[in-house]
Each structure stands twice: as C-alpha cells, then as structure tokens.
Amino acid sequence: MRVRLRAPKDSARTTRSPPFTFAPEHAPRQIHDMSKVNNPPDRASSIRSDTSAADPAARQPKWSWLIGLLVAATASLGFRVVSGMFLVSPQSDQYIAGYAFRDFAAQSLRSGNGFPQWNPFMFGGLPYVAAMHGDIFYPTFLLRLLMRTDLAMTWGFIIHLLLAGVFTVGFVRALGLSRWAATFAGLAYMMSGPIASYASPGHDGKLFVSALLPLSLWMLMRAIRDGRMYAWGVFAFAVGLGVLSPHPQLLQYSLLTTGAFALFLVWRGPHGAANAPASLDVRFAITRLGGALVMVVLGLAIGAIQYWPVLGYVSESPRASGRECEFAASYSLPPEELFNTYLPQFSGMLNQYWGRNAIHLHSEYLGIVVLMLVPLAFGAGARKALARFWLVTAGVALLWALGGFTPFFRIVYAIVPGTRFFRAPSTIIYVLTFALCLLSALGFERVLARHFDARFIRRYVIGWMMFASIVAVLSLSGALTVVAQNIGRDVARDFGHDPAGFAAFIQGNQKALTLGSLRSFAVALIACGLLWSFTVRKLGTTRFAVLALLLCGADLWSIAHNYWRFSQPASGLFAGDPIINYLKEQQQPGRVFVYTKTADYRVASDPYFGSRGFGEGAGFMAHGIRTVTGYHGNEIARYDDLMSNGALINPGFWQHENVRWLYTNMVVADSVLRKINGPTPNSAGSTTYLYEIPGDNGYAWVAASFGARDDAAAAREVLRADYNPHVFVSVAPATIVAGKSVNVAPALMPEPSTIHTTVTDFAPGRATVQLNMPATEGSALVISENYYKGWRAVADGQALPVMRTSYNLVGVPLPVGARTVTFSFHDDRYDAGRLVTLIALTLTTLLTLFGWRYSLKR
C-alpha cells in the first residue's frame, strides 16, 4: 500500500507558483545534491526566499474575497449604469464625438450592412476605417450589438477598469508575491488617478491599452521564464487587442515597456537567477526574444483590419509628414503637477484647473498608501533586481512624461519611431503608475514579511508625518496658493488671460486645496498608525493587510469618484428638436454651416456649436446630418487646407461643399438668408436658429468641360466669387482617362452646362445621381464628397474612371448619353487587412489552444 502525503490546503495552493523566478543572488547554478532532483523543494521557497521571516500567523486569503474586493471597487464607481445612465460628462470626448462615431457603426451593423466604410457627416467626408473612429473592431463593438450604444460604451469602461486590476493581480502573483501583495497592486493600479480618471475625458482607448499592459507582461513572463506554450498565443492576442484599441501612442509605450521587460527576463536566465552579463545564456535569449518578436508581429497582424487601411491613408491626412518637436511635446506634464500625486487639488481638479496645459480632465493622484510603500521595496534579497528594473522604468516614464520640460524628450523624438506623429507625452503616465504600483506591492510584501524593525519604522513614520504636516500647514496658510499664483502669471500670459482675473480664479481653489491637504494628512496619519501598529505586533498580518487594502481603496476612491460623472441616456442628450427634425426630413442632401459669435462658447456644453463656435462636435452626426466642420483631428488634409484660407465664410466654398443651411445662436437681420426656424432650444439647452443659404449649392453638378490644373490654382479657383463650376472643373495633374492624360484647361471656355441633377439614393458611401437630360461629350459630373482612393462610379452599367476634381472632390468623365451615375466607396486595403486579421486570429487561436493542451499534458 502506498501512502500519499498531502500538504495543507494553503501549502498545496502555494506550490502552484511558477517553477522558477527571481532566485537569490547566491543560488547555485547547478544542482550537485541528487536528492534535490528527486525531491524538489517547495517552489515557493525559492520564490519567496526573502520572506522567510514572515509572520507565522500569516494566511493566504481566498481568491473569491480578493477578486470580490476589485469588483466592489469597480461597482463603487460605475454602479449608476444599472439605472440606464450614460458615463459621460459635458467635457467628455464621448459626448462631443465618441457616441456619434460608435452609434453610426452600430446602426450599420444592426441593419446588416456591415462595418461602414465612409463617414459623410463631417469635414467633407472621410474614410471611416482608415481615418480611425475609435474602437471599430475592438471586441467592445459586440456590446453595441447587444444593448444601447451609450450603455455599451459605459460597460466598456467598467469592464476594462476591472480587467486592469485583475490582470495586475495575475502578473504580480506570477512574480511570486503573496495574494495580499498582488491584490494591493491590482487595487492600486485600477483605482489610481491616471487609470480611473480616463472616464472623465472619455478616453476609452487609453483605458483599453492600460488594462492590457499587465496582461502582456504576465503572459510574456509565463512564456519566456516558464516556457508555457499557451502564453505565447495569449501574448499575441494582447498585442493585437492593443492594436485594435486603437490608440497607437499608448500602444507604442506598451510595446516599449514589454520589450524592456523581455530583455530583463532573458538577462535573468532560464531559471530566473541573477546572472552577470558574462554568463548570459545566449541560446535561451535568442530563442525567447525571437519568440516574443514573432508574437508581436502576429499581434500586429491581428490589427491589420484597422491599420492596413490607416497606413494607406497617412499620406492624405494632416499627419502625413509628422510634426515638429514643439508640437510633439505639447501637453507635457508640468513639473509642478507632480505634486498632484500626493495632493491632487494643488493644480485644481477638473474645472478648477489653472495649470499650463489649458485642459486637465484627468488626475495624477497615486494614493498616500502607495507612495508610502514604494521606498520600502528596496533592499537585499531575491527581488532586488526586479525592484531596480521597475524603478528604472518609472524613471524613464517620468522623464518622458515631462516632455518639453526636460532635454530628454528631444532624444526620444530623435530616436523613437512614431514619436513625431503624436503629442501629449504626459499620456505615458500609465506606465509610471504601473511601475510604482509594482514597487508598492514589493514594499507591501516586505512589510508583511516583517523585514523592518521598530526603530526603522519609527523614523520612517515620523518622516512621513512631518511631510504631511508641512504640506497641510503650507496649504492652510495660503503659501501653496501663492506658489500657484506665481506659476499662474506665466499661464495667464501664454493663454491671454487677464492676470488679475486669473489670480482670483486660482485664489478660488484655496478652499479645495485646504480640504485636500487635510484629507491627505488624515490618510497619511492612518497609514502611519497601521504601519507602526503592525511593526510592534499590535495588529496581526491578516488584519493589517485587510485594513491597508481598505484604506488604499478608500483613499483612491475619494478622488476617483469625482471623475466618474454620469448623465441622462443618449436619447435625451441628443434628443431631436424642430430644427433637427426639419433637416432630417430633407429629400436632397445638404450640409449645415455652424456659426456663433459667442467668444467663450464651450465645446463642453454643446456638441452642436463646439468650442470655437464653428461646430467642433458631432451632435449632428448623431442624427445623420452632414456638417461642414466637426470633431475628429484626422480628416483629409486637402479639406483642411481649403478651410484654412478663410473658406468657411466664402459663398464659393458653400457652393463647393453643398452648404445649404446656417445653424446659429444669433438673429440674422436684414439678410438674404431665409429663416427656417428659431428661436428653438436644442437638447443641450442652447438657443438656436436655422437659416437657408441662397444659391445653387447642390450635392452634384455637371460641368461642360474639364482639364488638368495644378493644386494651388485649383484651390484658388473654387473660392473665386466669379467661378462657375457648371462651365469647367479642374482635375489633378497626371489624371488618366481612357488611357490618356487629361489635357490642360482649354483656352476658350464653353457655355455652362444646363443639365440638372437629382440624388435619388443617398447613404454613407453611396449616392445615385440622375441627370435630367443625356450627358454631352466632354462633360464631367462632380459630387460634393472628398476624393479618396476607393470611390467607384458606374454609368448605366459602365464603370467610369474616378478623378480628383476641383482640388478635393470626386468627379467622373461622363459618357455621351449617360443619364444615371451611381457612386460607391469601398477601400480595397480594408479587404486585404481583414484577410490578414482572420489568418492571424486563426494562427493565434490554434497556438493558444494547442499550447494549453500541451501544458496540461506536462
């Protein structure tokens, strides 16, 4: 009879830790005692070799309790979704544009038309996929098929906030830390200011990438260090999801971070030992780093459906040649705002912000408990190298976030690919946050292991209390406000504010600053009390760990909940009104020109009028109404160039761009404009008027002739007051028609065409144009849509060559006798990208499934 010895329940769970990790520096490279081969030591003994002095009363909590804590933390911020409310604020990008972008695709999918290809509703039209409109292909689009778009967007934030915590727990646990420390890191990361406050500006793509970072690190470690086959596949999935997020800037930061961690893993060797560079296992390094690189490529291929069209569009976008370093460094993290990591009210929260970045809808707050534990992560032991790695990572991320405030960013701009296409280097703060949360978990683990004697902790606690007391005194005395006002003088000068008025605005933050300093002092006091009580053994390990988790969560929640602002459902936010209903009922397509003279009009309050009064929003798109402007940032460059010449108030531009109505908040008296409706309140509460613009500003027209003309001349021509597009339209140089280059403009212009057009079928990326008489020889048909490769045209069953006409519009040469022309848009690069994505997904799925099966067999 064989007797099986069974370890206690907690010990049995502990032995499931990774087979190797960051072992002590003195660990032997080879095993000479064969008894250790036949009877391997408990894996946790090598993993936690620096925690052997842990309190014998320490017990590992149940996972259900710890994950429940993360769920409760998430619910404390997002619980209002159950009543149907929309996680959006007046300042949110989701309110300004995100909802309209996503609902457009959701309606197309629900109606069976697939993913839309063309967005005709703003900036003269732009490709929907290639120009990027948010998480088009990210799995959150499935939520929008199952529920209201606004609810799906809200659940996207909630789910990914929780995933940020869960994935962090998994990564830290895989490092070999206790469940207490892993849960602390997960809670600290997900509830930190940089992560939880993504909800305020509506930056869901940033949250997606931030949540995927710990998953990527977790799987990379399982693959490189542990040799788990399935982890390679999951890592590729994580990269692919990051590509589809789509937030290329944060994806860049994530790939750089995981790349650095991969180098750290292979430097540690196949068994996690602290090898010197001279003893680097070259074969191990090449095979594992090569595998990681292949998985990154596979992950990028998963995102081909999004980025292959994007790569084809770059040359047509405003970002074609990149931007100068000064632009790339804009929205850097001002050094004084680092103080917000301790006192978040220093530079003013939300609408009380007075700092150097003009807008500040997020938070840098990291939490008092987190900051207190970070310095305790460092010391002798197996995890010394790990702590140093994350310290260096935090340092690099900090320098990067400071951007233009240090010379370091110029080095980044010069050597890091892609940097010239982005701005706001402060967005790398999520990497800094993650690194500090990891360090705080290491510090928490060392505290639980009682690595510090009472004498050291007494000095440490006294130092923190002195710091918290000094900050509170400086705040109560008004000294911090004076510092803020001194910095604010430069801000007032840079943004053209009245210095006296701006100083008064900063003074208005004094009350919030005082209360905030007292709040931080109270949290520091409680944290110091807990740490001291545990050190002198007045608190047991379990009770101390629970209280530390609750204090950390409550501290971070007290700031984070200010950034989770809910509103009524989208059906109310974007409710119709008489003007909207009138525009939706029109049979022939036309664009709306938005204009208001209100100088300080806020985009935050109205997605129809916009921040500068020219319609910098997507409120009309939510109703399927086309506008001259909008809110995007990656529109077609030629359209931007045309608008930059003062075209918005040019009648020639109105004719060119099918502008038929003026939407304003003013009474326009003694004008040729015909009033349609007003005053009428819109759903945002603004008073609105609608006027009809006179003239023949149709969607399509026939020109009697066409000829080649350079872009500069073509752009000037369409804005001339005496220009008649029915006589002649220019086409781009080197345009080929019927195998021949189009001739230059004729010296003698013909008579204007008398053919009239009617649009009989109009939808995004599709239009059918009827001519009232047969087309004549040498004529051309133009539609008021931005030209981009992918437009097709058919006349009475005959395919026509599509030309770029009138600088930026779509045109075709008309066959003699043609009466009907149908236009449609489809980007061939989308088809190619979709095929690559499907192949990559299949390979990744097979790798994951077979890898998992192989791991189970082992």
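Residues numbered from 1 in each chain as written. Predicted model: local features only at pLDDT ≥ 70, side-chain atom pairs only at ≥ 80, totals over all residues. Heavy atoms only, no water.

1. A look at the overall build of the protein chain
For the protein chain, the helix and strand inventory stands at 30 helices and 22 strands. Expected size for 858 residues packed as a compact globule is a radius of gyration near 29 Å; at 31 Å, the protein chain falls within 12% of this value. Overall size of the protein chain, expressed as C-alpha extent along the three principal axes, is 100 × 65 × 50 Å. For the protein chain, with 858 residues in total, the buried portion stands at 57%. Within the structure as shown, the protein chain displays about 35,600 Å² of accessible surface, and the carbon and sulfur contribution to it stands at 62%. (Helix = DSSP H or I, 4+ residues; strand = E, 2+ residues; numbered from the N terminus. Rg over C-alpha atoms; globule rule 2.2 N^0.38 Å. Buried < 20%, exposed > 50% of the residue type's maximum accessible area, 1.4 Å probe, protein only. Areas by Shrake-Rupley, 256 points an atom, 1.4 Å probe, with all protein chains shown as cover.)

2. Focus: the environment of Val-82
Mapping Val-82 onto the fold places it in the loop between helix H4 (63-78) and strand S1 (86-87). Taking the C-alpha atoms as reference, Val-82 lies 34 Å from Leu-841; in sequence the two are 759 residues apart.

3. Brief notes about the packing of aromatic side chains
Working definition: an aromatic ring pair is given by the centre-to-centre distance plus the angle between the planes. Tallying each qualifying case throughout the model produces 50 aromatic pairs. Seen from their ring centres, Phe-452 and Phe-456 are 5.3 Å apart, and the 20 degrees between their planes marks the pair as stacked. Assessed through its relative accessible area of 15%, Phe-452 is described here as buried. On the accessibility criterion, Phe-456 (30% relative accessible area) is partly exposed. When the centroid spacing of 5.2 Å and the interplanar angle of 75 degrees are considered together, the rings of Tyr-699 and Phe-762 count as edge-to-face. Taken together, the positions of Tyr-699 in the loop between strand S9 (687-692) and strand S10 (700-703) and Phe-762 in strand S15 (residues 757-763) put the pair 63 residues apart, joining distant regions of the chain. Assessed through its relative accessible area of 30%, Phe-762 is described here as partly exposed. (Phe/Tyr/Trp six-rings, centres within 6.5 Å; stacked < 30°, edge-to-face > 60°.)

4. Quick notes on helix H5 (residues 93-110)
When the terminal C-alpha atoms of H5 are compared, their 24 Å separation across 18 residues agrees well with the 26 Å that a helix rising 1.5 Å per residue should span. At Tyr-99, H5 shows its largest kink, close to 30 degrees. With respect to burial, H5 is a largely interior element, 14 of its 18 residues being buried. Its side-chain oxygen at 3.0 Å from the backbone nitrogen of Gln-94, Ser-92 defines the N-terminal cap of H5. Phi for Gly-112, located one or two positions after H5, is positive at around 85 degrees. (Expected span 1.5 Å × (residues − 1). Bend = angle between axes of the 7 residues up to and from the residue. Polar contact = N/O pair within 3.5 Å; in protein donor to acceptor, adjacent residues only side chain to side chain.)

5. Remarks on the packing of H4 against helix H8 (residues 179-191)
Between H4 and H8, the shortest axis-to-axis distance is 10 Å and the interhelical angle comes to 10 degrees. On the basis of their axis angle, the class for H4 and H8 is roughly parallel. Counting all contacts with H4, which are made through Trp-63, Leu-66, Leu-69, Leu-70, Ala-73, Thr-74, Ser-76 and Leu-77, the residues of H8 involved are Arg-179, Trp-180, Thr-183, Gly-186, Leu-187, Met-190 and Met-191. Residue composition of the contact of H4 with H8, grouped by class: 10 nonpolar, 4 polar and 1 charged. (Axes fitted to C-alpha atoms, helices over the stretch in contact; angles between N-to-C directions. Parallel < 35°, antiparallel > 145°, perpendicular 65-115°, else oblique. Contact = heavy atoms within 4.5 Å. Nonpolar A, V, L, I, M, F, W, Y, C, P; charged D, E, K, R; others polar.)

6. A short note on a nonpolar patch on the surface
Taken together, Leu-142, Leu-145 and Leu-146 make up a surface patch of nonpolar side chains, about 310 Å² in accessible area. Within the element layout of this structure, Leu-145 appears in helix H6 (residues 140-146). Judged by its relative accessible area of 38%, Leu-145 is partly exposed. (Patch = residues over 30% accessible without salt bridge, like charges linked within 9 Å, V, L, I, M, F, W, Y side chains within 5 Å. Salt bridge = Lys/Arg side-chain N within 4 Å of Asp/Glu carboxyl O.)

7. Focus: the confidence of the model for the protein chain
Here the protein chain shows a mean pLDDT of 89. Residues at 70 or above account for 91%. Ignoring residues within four places in sequence, the model shows residues 1-57, a span with pLDDT below 50, making 86 contacts including any to other chains. Segment residues 274-278: pLDDT under 50, and 9 contacts once partners within four positions in sequence are set aside and those in other chains are kept. (pLDDT = per-residue confidence, 0-100.)

8. Observations regarding the packing of helix H20 (residues 454-476) against helix H23 (residues 510-535)
Running from N to C, H20 and H23 cross one another at 170 degrees; their axes reach a closest spacing of 9 Å. Viewed along their axes, H20 and H23 adopt a mutual orientation that is roughly antiparallel. Residues belonging to the contact of H20 with H23 are distributed by class as follows: 18 nonpolar, 6 polar and 1 charged.

9. Here we look at the sheet that holds strand S8 (residues 674-681)
Taken together, the 5 strands give an open sheet; going across it, the order is S6-S5-S7-S9-S8, and neighbouring strands pair in mixed fashion. For this open sheet the edge positions go to strand S6 (626-627) and S8, each flanked by a neighbour on one side alone. As paired strands, strand S5 (residues 591-595) and strand S7 (residues 659-664) are joined by 5 bridges and run parallel to one another. Paired with Val-592 across the two strands is Trp-661, which belongs to S7. (Pairing = 2+ DSSP bridges.)

10. Things to note about the pairing of S5
The buried fraction of S5 is high, at 4 of 5 residues. As defined by bridge partners, S5 adjoins S6 across 2 bridges and the pair is classed as parallel. Paired with Arg-591 across the strands is Arg-626, a residue of S6.

11. What about empty space enclosed by the protein?
By the definition in use, this model includes 8 cavities of 30 Å³ or more. Looking at the largest cavity, its volume works out to about 100 Å³. What lines the largest cavity is Val-369, Met-372, Leu-373, Phe-444, Ala-527, Leu-530, Leu-531, Phe-544, Ala-548 and Leu-551. Considered class by class, the residues forming the lining of the largest cavity number 10 nonpolar, no polar and no charged. As for the second largest cavity, its lining consists of Val-209, Leu-212, Leu-213, Ser-216, Phe-235, Ala-238, Val-239, Gly-242, Leu-251, Ser-254, Leu-255 and Thr-258. For the lining of the second largest cavity, the secondary-structure elements that each account for two or more residues are helix H10 (204-224), helix H11 (229-244) and helix H12 (248-268). (1 Å grid on protein atoms, 1.4 Å probe; cavity = no way out; pocket = protein on both sides within 12 Å on 5 of 7 lines; lining within 4 Å. Points joined across faces, edges and corners; volume = space filled by probe spheres on them.)

12. So, the side chain of Asn-658
Mapped onto the elements, Asn-658 comes out in the loop between helix H28 (651-656) and S7. Side-chain polar atoms of Asn-658 contact the backbone oxygen of Pro-589, separated by 3.3 Å. Only 2.7 Å separates the side chain of Asn-658 from the backbone oxygen of Asn-697, close enough to count as a polar contact. Setting aside residues no more than four positions away along its own chain, Asn-658 makes contact with Pro-589, Gly-590, Arg-591, Arg-626, Asn-697, Gly-698, Tyr-699 and Ser-784.

13. Remarks on the sheet that holds S15
In space, the 5 strands of this open sheet follow the order S15-S16-S22-S18-S19, with antiparallel pairing throughout. Edge positions in the sheet fall to S15 and strand S19 (798-800), since each of these pairs with one other strand and no more. Ignoring strand direction, the axes of neighbouring strands in this sheet form an average angle of 25 degrees. Across 5 bridges, strand S16 (residues 766-771) lies against strand S22 (residues 820-825) in antiparallel orientation. Opposite Val-769, over in S22, you have Val-821 as the bridge partner.

14. So, the pairing of strand S12 (residues 728-731)
Here S12 shows no split at all, with Phe-728 and Ser-730 on one side and Val-729 and Val-731 on the other all buried. Bridge analysis of strand S11 (residues 705-708) against S12 gives 4 bridges, and the strand direction is parallel. By the bridge assignment for S12, Gly-707 is matched with Ser-730. Handedness of the crossover is the feature at issue here: the chain leaves S11, passes through helix H29 (residues 711-718), returns alongside S12, and the resulting connection is right-handed. (Right-handed = clockwise from strand over helix to strand, strands pointing away.)

15. Side note on the side chain of Gln-306
Turning to its location among the elements, Gln-306 is positioned in helix H14 (residues 304-313). For Gln-306, the side chain forms a polar contact with the main-chain oxygen of Val-129, separated by 2.8 Å. Once you skip the residues sitting within four places of it in the chain, Gln-306 turns out to touch Val-129, Met-132, Gly-134, Ile-136, Phe-137, Leu-244 and Pro-246.

16. As for the pattern of salt bridges
As enumerated under the stated definition, the model contains 21 salt bridges in all. A salt bridge links Arg-148 to Asp-150; the nearest nitrogen and oxygen atoms lie 3.0 Å apart. The class for Arg-148 is partly exposed, based on a relative accessible area of 38%. Among the residues examined, Asp-150 registers a relative accessible area of 3% and is labelled buried. When salt bridges that share partners are traced, they join Arg-102, Asp-135, Arg-144 and Asp-204 into one network.

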